[in-house]
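What follows is the residue order along each chain.
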Amino acid sequence: MAATARVIDIHVVADSTGDTGTRVARATQAQFPGQAVRVVRHPRLHTAQGVDDVVAQLRADPATAVVFCTVVDDALRTRVLDACSALDVPCADLLAPALDAFTARTGAQPARVVQPVGLAADYFDRIHAMEFAVANDDGHLTDGLDDAQVVLVGASRTGKTPLSMYLGYLGYPTANIPLVPGVAPPHELFEAERWKVVGLTIDPERLLEIRQRRVHAMGAAGLGSHRGTGGTALGGYADLARIHDELDEVARLQRRLGCPVLDTTTLALEEAAGRVVELVTARRRALVPDDATQPPGDGLARVTPQTLPADRRRAGPRAATAADHEEQP
């Protein structure tokens, strides 16, 4: 069925923060790119009156409403479901199938108590990983590479920074190092363990497009002192012939490092992260088989593009690539 022109309101009804329902709502929205969607969050509903206030909003315009329910209290959950049924508002009870499946396997009954899920066991590890990615961005190796679990290397604007930040979000301390023609990489790069180094590359014409946008964003007034031979902006930074030469030189250095190279031209940020995780995990197991029973971040090693948070995707006809996120100056 074709998407309608009207805006559909996804009401996330929760007795906690509503983060779970909101993530599912964003994932659902991504599957209907032609449909206008507004996510309305109703968190921390602990009383019947609170539920009734939400129902009053649904009653005002039930024809455009969908409800995603993550209420664990049985009485309040039933109140939500009954109200939706009476108003003929579609309702997805998001937690019930998961709880029922777990009960069927274990025989245990859920506590039906609101529990914060933000402070998972790996919460502080992920915070550390994000801080590490920020501190070790763009070749600024404040912490060295011993503590890095991923090291990204590639030419400027191939997606290193957004990808390293996203890997940090997943729990992988990531450093990224730009490979610049004529500039020697830091010696730490050649001393780093081989399994953690991953190269990035991109189609030259796509890189030219990204760099031209950056040059434009910087403003013509700021370019005069950076003109190179033949009037090329920024000494070849946004010149196709120079970009071909640059990528060839970067590729030679990546071969010298013996690292796998990931082409980010058409990869969404989430997909690129999943590929990096797979590469690093496989290489560590192959190169350091006796180092540990589990590789760094092994709980994330099975992350795939399908299971990564969909609310990170950019709306539009094409998914945002890792390099797209580099376009901002």
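Residues numbered from 1 in each chain as written. Predicted model: local features only at pLDDT ≥ 70, side-chain atom pairs only at ≥ 80, totals over all residues. Heavy atoms only, no water.

- Going by an unreviewed UniProt entry, the protein chain carries the name Putative pyruvate, phosphate dikinase regulatory protein and comes from Cellulosimicrobium protaetiae.
- For the record of the protein chain, the UniProt heading Sequence similarities (unreviewed entry) holds the text "Belongs to the pyruvate, phosphate/water dikinase regulatory protein family. PDRP subfamily."
- A UniProt comment under Function (unreviewed entry) is attached to the protein chain, and it reads "Bifunctional serine/threonine kinase and phosphorylase involved in the regulation of the pyruvate, phosphate dikinase (PPDK) by catalyzing its phosphorylation/dephosphorylation." (UniProt positions renumbered as here; feature names shortened; annotations may be inferred.)

## Observations regarding the sheet that holds strand 8 (residues 261-263)
Item 1. In space, the four strands of this open sheet follow the order 6-5-7-8, with parallel pairing throughout. Two strands lie at the open edges of the sheet, namely strand 6 (174-178) and strand 8, each paired on one side alone. On average, each strand axis in the sheet is inclined to that of its neighbour by 30°, with strand direction left out of account.
Item 2. Two strands pair when backbone bridges link them, and strand 7 (residues 197-201) and strand 8 are joined in this way by three bridges, in the parallel orientation. (Pairing = 2+ DSSP bridges. Helix = DSSP H or I, 4+ residues; strand = E, 2+ residues; numbered from the N terminus. Axes fitted to C-alpha atoms, helices over the stretch in contact; angles between N-to-C directions.)

## Describing the packing of helix 6 (residues 160-170) against helix 10 (residues 269-287)
Item 1. Running from amino to carboxyl end, helix 6 crosses helix 10 at an angle of 70°, the nearest separation of the two axes being 10 Å. By the angle between their axes, helix 6 is roughly perpendicular relative to helix 10. For the pair helix 6 and helix 10, the sense of crossing is right-handed. Residue-level contacts link P162, L163, Y166, L167 and L170 of helix 6 to L269, E270, A272, A273, V276 and V277 of helix 10.
Item 2. Here the contact of helix 6 with helix 10 is composed, by residue class, of 10 nonpolar, no polar and one charged. (Parallel < 35°, antiparallel > 145°, perpendicular 65-115°, else oblique. Left-handed = near helix turned anticlockwise from the far one by under 90°. Contact = heavy atoms within 4.5 Å. Nonpolar A, V, L, I, M, F, W, Y, C, P; charged D, E, K, R; others polar.)

## A look at the packing of aromatic side chains
Item 1. Taken as a whole, this structure holds one aromatic pair when the rule is applied.
Item 2. For the pair Y166 and Y169, a centre-to-centre distance of 5.6 Å together with 40° between the ring planes defines the contact as tilted. Of this pair, Y166 and Y169 are both found in helix 6, three residues apart, which corresponds to roughly one turn of the helix. For the pair shown, Y166 and Y169 are each scored as buried.
Item 3. For the cation-ring pair, R126 lies above Y169, with the distance from its terminal atom to the ring centre recorded as 4.7 Å.
Item 4. A cation sits over an aromatic face here: R284 above W195, 5.1 Å from the ring centre. (Phe/Tyr/Trp six-rings, centres within 6.5 Å; stacked < 30°, edge-to-face > 60°. Buried < 20%, exposed > 50% of the residue type's maximum accessible area, 1.4 Å probe, protein only. Lys NZ or Arg CZ within 6 Å of the ring centre and 35° of its normal.)

## Description of the sheet that holds strand 2 (residues 37-42)
Item 1. On the basis of which strands lie adjacent, the open sheet formed by four strands has the order 2-1-3-4 and parallel pairing. Every interior strand has two partners, whereas the edge strands, strand 2 and strand 4 (91-93), have only one. Put simply, the sheet's adjacent strands are angled 20° from each other on average, direction ignored.
Item 2. Two elements, strand 3 (residues 65-69) and strand 4, share three bridges in a ladder whose sense is parallel. Bridge pairing in strand 4 links F68 to A92.
Item 3. On top of the sheet, helix 1 (residues 19-30) reaches strand 1 (8-13), strand 2 and strand 3; it is set at about 175° to strand 2, its chief contact.
Item 4. The strands touched by helix 3 (residues 74-87) within the sheet are strand 1, strand 3 and strand 4, with strand 4 carrying the most contacts at an inclination of about 155°.

## Some points on the UniProt feature "binding site: ADP" (unreviewed entry) in the protein chain
Item 1. The sites that UniProt annotates as "binding site: ADP" (unreviewed entry) are G154, A155, S156, R157, T158, G159, K160 and T161.
Item 2. Not counting the four nearest positions on each side in its chain, A155 is found in contact with K160, L179, L200, R211, E246, L247 and V250.
Item 3. Along the polypeptide, G159 turns up in the loop between strand 5 (150-154) and helix 6.

## Quick word on the environment of E270
Item 1. Its place among the elements puts E270 in helix 10.
Item 2. We classify E270 as buried; its relative accessible area is 2%.

## A closer look at helix 2 (residues 48-60)
Item 1. An ideal rise of 1.5 Å per residue puts 18 Å on 13 residues; helix 2 measures up with 19 Å between its terminal C-alpha atoms.
Item 2. Looking at the buried residues of helix 2, the elements they touch are strand 1, strand 2, strand 3 and helix 3. (Expected span 1.5 Å × (residues − 1).)

## Details of the nonpolar core
Item 1. One finds L145, V151, V153, I177, L179, L189 and V197 to be the most contacted residues of the largest nonpolar core, which totals 23 residues.
Item 2. For this core, the secondary structure elements donating two or more residues are strand 5, strand 6, helix 8 (204-218) and helix 9 (240-257).
Item 3. With five residues, the top contributor of residues to this core is helix 9.
Item 4. Ignoring sequence-local partners within four residues, the contact set of L179 consists of V153, G154, A155, P185, L189, E246, V250, L253 and Q254.
Item 5. Listed in part, the 20 residues of the second largest apolar core include Y166, L200, A272 and V288. (Core = buried A, V, L, I, M, F, W, Y, C linked by side-chain atoms within 4.5 Å.)

## A closer look at the pairing of strand 6
Item 1. By the criterion of burial, strand 6 is predominantly enclosed, with four of the five residues buried.
Item 2. Examined bridge by bridge, strand 5 and strand 6 share five bridges and lie parallel to one another. The partner of L152 across the bridge, within strand 6, is N176.
Item 3. For the crossover from strand 5 across helix 6 to strand 6, the handedness is right-handed. (Right-handed = clockwise from strand over helix to strand, strands pointing away.)

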